[in-house]
Amino acid sequence: MTLTVTVADVHRMTPDVKQFRLVADDHAFEYDPGQHTMVHFEADGEEEARPYTAANLPGTNQLVLAIKRYDDGTGSVFMHERTPGDEIEVEEVDGNLHVRDFDRDAVFLATGTGITPLYPMVKQYAREGEGDARLVFGERDQEHLIFRESLDQLRAEETNLDVDYVLSDAESETWNGLTGHVQDHLPDALDEMDLEETDFYVCGVPEMVVETEDLLVEAGADEDRVFTEGWESDAAEE
C-alpha cells in the first residue's frame, strides 16, 4: 500500500545531497529509527520504487529524506527534480536496520550517505541508551559531511556519545582530524572496547561494509551483533 505525501520543502545539504521534507495528511508514520520507505515513481513507462531512509524520528506526519543525486540513478534524479508542492507516493517505513539493544554499548560506522540510517539511530541511542555510543563517519571532504552540525550539537549535549569524522581527501591546511578510511581506524578503536558487550551498526559502500564486518569479526566481535546494510553508490538504490 502506498501513501500520497506532499513535498513541503527542499534543502540542499551538500553539492550532491538534498533533504526533502514530505508531509502526509491525517497519517502518523511509526517506525524504528534507521528503517526506510520506498518512493514510487515512473521511469520509461514503468513503475519503479527505491528505498530511502527516514532521517527524522517517528511519530509525526512527516518523513525527512536526505538523498544523494547520481547522474545515472533514476530514483535520485527523480527526487532531485521535485519541488515544494509536488505529490509523490511512498510506502510505510520498514526495514532491518535499527537499534537492537539499548542496554549494550553501540558503535556506528558509516561512509557517505550510509550515514542516513545511522543518524536517527545515533540520535535515538544517545537519548535512550544506557551504555556508551560512538559514531565514526567517513567522507571525501568537509563539504560533503551531511548532518555534521546536528551531530556536533548532539555530541555536545549527550555525554554518552563520541563522534569522529574521517576524511579520505582532506586538505591538511584546513583539517586536523582523522584521515583515510573508516576501517583504517578500527584497530585502535577496538582496543578500547569490550567487544562482547558491544553492538556494531555498519552502513555505506558495499566494499567498506564487507571489509569492516570482516575486521570486526576477526577482532572478536560477535558476528550476530554486527548489523549491516550496504546500499550506497546505487548498490540497492538504483
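The name given to the chain in an unreviewed UniProt entry is FAD-dependent oxidoreductase, and the organism recorded there is Halogeometricum luteum.

Peer 1: Explain the pairing of strand β8 (residues 133-139) to me, please; I cannot follow it from the model alone.
Peer 2: The side chains of a regular strand alternate, residue by residue, between the two faces of the sheet. Burial of β8 is extensive: seven of the seven residues sit out of reach of the surface. Between the parallel elements strand β7 (residues 105-111) and β8, the chain passes through helix α2 (residues 115-128) in a crossover that is right-handed. As paired strands, β8 and strand β9 (residues 161-167) are joined by seven bridges and run parallel to one another. Paired with Arg 134 across the bridge in β9 is Asp 162. One crossover worth recording links β8 to the parallel β9 by way of helix α3 (residues 148-157), and it is right-handed.

Peer 1: Explain unusual backbone geometry here, please?
Peer 2: What you tend to see is this: most non-glycine residues have negative phi, and most peptide bonds are trans. Positive phi outside glycine occurs at Asp 26, with the angle close to 55°. With respect to the secondary-structure elements, Asp 26 resides in the loop between β2 (17-24) and β3 (36-43). Classification of Asp 26 by relative accessible area gives exposed; the value is 84%. A positive phi angle, near 55°, is found at Asp 44, a position not held by glycine. Looking at where Asp 44 falls in the secondary structure, it is placed in the loop between β3 and β4 (46-53).

Peer 1: Help me understand the UniProt feature "domain: FAD-binding FR-type" (unreviewed entry) in the chain in this model?
Peer 2: As recorded in UniProt, the sites labelled "domain: FAD-binding FR-type" (unreviewed entry) are residues 1-100. Each end of residues 1-100 is marked by a C-alpha atom, and these two atoms are 27 Å apart; helix forms 7% of the span and strand 49%.

Peer 1: Would you mind going over the sheet that holds β3 with me for this structure?
Peer 2: Remark on secondary structure: sheet strands pair via backbone hydrogen bonds, oriented parallel or antiparallel. Pairing is antiparallel in the open sheet, where six strands are placed in the order β4-β3-β6-β1-β2-β5. Edge strands, defined here as strands with exactly one partner in the open sheet, are β4 and β5 (62-68). Across this sheet, the average inter-strand angle for adjacent strands is 40°, counted without regard to direction.

Peer 1: Is there a simple way to explain the nonpolar core in this structure?
Peer 2: Among soluble globular proteins, nonpolar side chains are generally buried collectively. Membership of the largest hydrophobic core comes to 32 residues, with the highest contact counts inside it found for Phe 108, Ile 115, Leu 118, Leu 135, Phe 137, Phe 147 and Tyr 201. When residues of this core are assigned to their parent elements, the largest contribution, seven residues, is made by α2. The contact partners of Tyr 201, leaving out residues within four places of it in the chain, are Leu 97, His 98, Val 99, Arg 100, Asp 101, Ala 106, Val 107, Phe 108, Leu 109, Leu 118, Met 121 and Phe 227.

Basis of the calculations
Residues numbered from 1 in each chain as written. Predicted model: local features only at pLDDT ≥ 70, side-chain atom pairs only at ≥ 80, totals over all residues. Heavy atoms only, no water. Buried < 20%, exposed > 50% of the residue type's maximum accessible area, 1.4 Å probe, protein only. Helix = DSSP H or I, 4+ residues; strand = E, 2+ residues; numbered from the N terminus. Right-handed = clockwise from strand over helix to strand, strands pointing away. Pairing = 2+ DSSP bridges. UniProt positions renumbered as here; feature names shortened; annotations may be inferred. Axes fitted to C-alpha atoms, helices over the stretch in contact; angles between N-to-C directions. Core = buried A, V, L, I, M, F, W, Y, C linked by side-chain atoms within 4.5 Å. Contact = heavy atoms within 4.5 Å.

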